[in-house]
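Tertiary structure, described
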Amino acid sequence: MKIAVFSACRELFDEGKAYQDAVRCSEDYCGTLEQVRACGLDGIELATCDPRAFDTEIFENALQTTGGQVSMFGNYYWCTKNDLSMLSPDDKKAELAVDLFKKMIRIGAAHGIPAGLGRLKGSAIPGKPVRYSLDRLTEILKDVADYARRVNGFFCIEPQNRFGMNLINSTDDGIQIIDRVGSDRFKLTMDLQHMYIEEDVLEGLYKGRDYIYNLHLMEGYDDMEEQCAKIDFPKVMKVLSSTGFDGWISFTLPRTASKDVAQLEHLKNCTKFVKQLLETYFF
């Protein structure tokens, strides 16, 4: 199993975006990758900018220079900024969403980094039965999966709770769309925060055991006391252990942390908490 912290590519910080819960990437990524390794982490989960503006050369050079790892590429920022989704009623936007997602898959393919499919997948199309949207999304993702196979890449879908999306909300929903697409290039990202709202977390983790690539823990160290009142983290770890899970676990920095404490200190605190959790209940 590998552990990653949520980070955001340098272009996002250059644009003045907050990303309070993300580790700030250095100008060339090297500093960030070395920093997380020094804290005992295996890598970062990277929130990307628009793939058309993503500096692939600098990114790939950093991976080669540091030997650093990236668990997954995220697309929340650029898909929301450009109002893109694969199920957009605007055909040009829908096509662009698919094209840019394929570009993310291609960039990550050489390094074994999947592209994460969250909000970009889109919501159910208004005025149509949900089945219509699922059928349409299935055909789109079959095409994406074929492309992923050609470039030797892969991608993951993240079910999200009903308050943000109205399509693919639960583990069952994620499994069903993966089965319908029928490709080994298509896997599952599970997020405890979304799962807590939609389903029994432990049951969901067990159901998804044969599909899961990575797991998102909830927000970081300073929020854990509140989160532990909702989610039994020891039981989560025990269920994962019983399924033989050997993928990535990633976490974010605390959103409620004092701004007087340096980011590196936050990172060390979060890393210590997560590693103790795993060492106590998983291994």
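The structure we're discussing is the one just above.
Before going into details, it helps to say that this report is about the structure given with it. This one's a predicted model, so the numbers in the text were calculated from it and none came from an experiment.

1. Topic: the overall build of the protein
When you go through the protein residue by residue, the secondary structure sums to 12 helices and nine strands. In terms of C-alpha radius of gyration, the protein reaches 18 Å, essentially the compact-globule figure of 19 Å for 283 residues. A principal-axis box enclosing the C-alpha atoms of the protein has dimensions of 50 × 40 × 30 Å. Counting only residues that meet the buried cut, the protein has 55% of its 283 residues in that class. Taking all contacts inside the protein whose residues are at least 6 apart in sequence as the whole, residues at least 24 apart take part in 75%. Summing over all exposed atoms, the protein offers an accessible surface of approximately 12,800 Å²; the carbon and sulfur share of this is 46%.

2. Topic: the nonpolar core
The biggest cluster of nonpolar side chains holds 85 residues, and the ones touching the most others in it are Leu46, Met86, Phe101, Leu141, Phe155, Leu192 and Leu205. Met72, Phe154, Cys156 and Tyr213 belong to the second-largest nonpolar core, a separate cluster that totals six residues.

3. So, the layout of surface pockets
There is about 850 Å³ of room inside the largest pocket. Contributing to the lining of the largest pocket are 32 residues, with Tyr76, Glu158, Gln160, Asp191 and His194 lying nearest its centre. Those elements giving two or more residues to the lining of the largest pocket turn out to be strand S3 (43-47), strand S4 (69-74), helix H4 (76-81), strand S5 (115-117), helix H8 (192-198) and strand S9 (248-251). For the lining of the largest pocket, the residue count by class is 13 nonpolar, 12 polar and seven charged.

4. Examining the packing of aromatic side chains
All told, the structure shown has seven aromatic pairs when counted by the stated rule. Ring geometry for Tyr29 versus Phe59: centroids 5.4 Å apart, planes at 80°, classification edge-to-face. Here Tyr29 is found in the loop between strand S2 (23-24) and helix H2 (30-38), whereas its partner Phe59 is found in helix H3 (residues 56-66), with 30 residues between them in sequence. Since its relative accessible area comes to 1%, Tyr29 is described here as buried. Between the aromatic rings of Phe54 and Phe59, the centroid separation amounts to 5.3 Å while the plane-to-plane angle is 55°, which identifies the pairing as tilted. The same class applies to Phe54 and to Phe59, which are both buried.

5. Considerations on the environment of Phe101
Locating Phe101 in the fold gives a position in helix H5 (residues 91-109). Remark: the alpha-carbon pair of Phe101 and Phe155, spanning 54 residues in sequence, is separated by 9.3 Å. Apart from the residues lying within four places of it in its own chain, the contact partners of Phe101 are Asn75, Trp78, Met86, Ala115, Gly116, Leu117, Leu120, Val144 and Phe155.

6. Quick word on the pattern of salt bridges
Evaluated as defined, the whole model comprises 10 salt bridges. Across the salt bridge formed by Arg180 and Asp135, the nearest N and O atoms sit 2.4 Å from each other. A residue pair is termed long-range when its members are at least 10 positions apart, and Arg180 in helix H7 (residues 171-181) and Asp135 in helix H6 (residues 130-151) qualify at 45 residues. You can call Arg180 partly exposed: its relative accessible area is 31%. Two residues, Glu198 and Arg162, come together in a salt bridge whose shortest N-O distance is 2.9 Å. Placement of the pair is Glu198 in helix H8 and Arg162 in the loop between strand S6 (155-157) and H7, with a sequence separation of 36 residues. A residue is classified by how much of its surface remains accessible, and Arg162, at 48% relative accessible area, is partly exposed. Taken together, the shared-partner salt bridges in this structure form one network comprising Arg149, Asp184 and Arg185.

Procedures and definitions
- Residues numbered from 1 in each chain as written.
- Predicted model: local features only at pLDDT ≥ 70, side-chain atom pairs only at ≥ 80, totals over all residues.
- Heavy atoms only, no water.
- Helix = DSSP H or I, 4+ residues; strand = E, 2+ residues; numbered from the N terminus.
- Rg over C-alpha atoms; globule rule 2.2 N^0.38 Å.
- Buried < 20%, exposed > 50% of the residue type's maximum accessible area, 1.4 Å probe, protein only.
- Contact = heavy atoms within 4.5 Å.
- Areas by Shrake-Rupley, 256 points an atom, 1.4 Å probe, with all protein chains shown as cover.
- Core = buried A, V, L, I, M, F, W, Y, C linked by side-chain atoms within 4.5 Å.
- 1 Å grid on protein atoms, 1.4 Å probe; cavity = no way out; pocket = protein on both sides within 12 Å on 5 of 7 lines; lining within 4 Å.
- Points joined across faces, edges and corners; volume = space filled by probe spheres on them.
- Nonpolar A, V, L, I, M, F, W, Y, C, P; charged D, E, K, R; others polar.
- Phe/Tyr/Trp six-rings, centres within 6.5 Å; stacked < 30°, edge-to-face > 60°.
- Salt bridge = Lys/Arg side-chain N within 4 Å of Asp/Glu carboxyl O.

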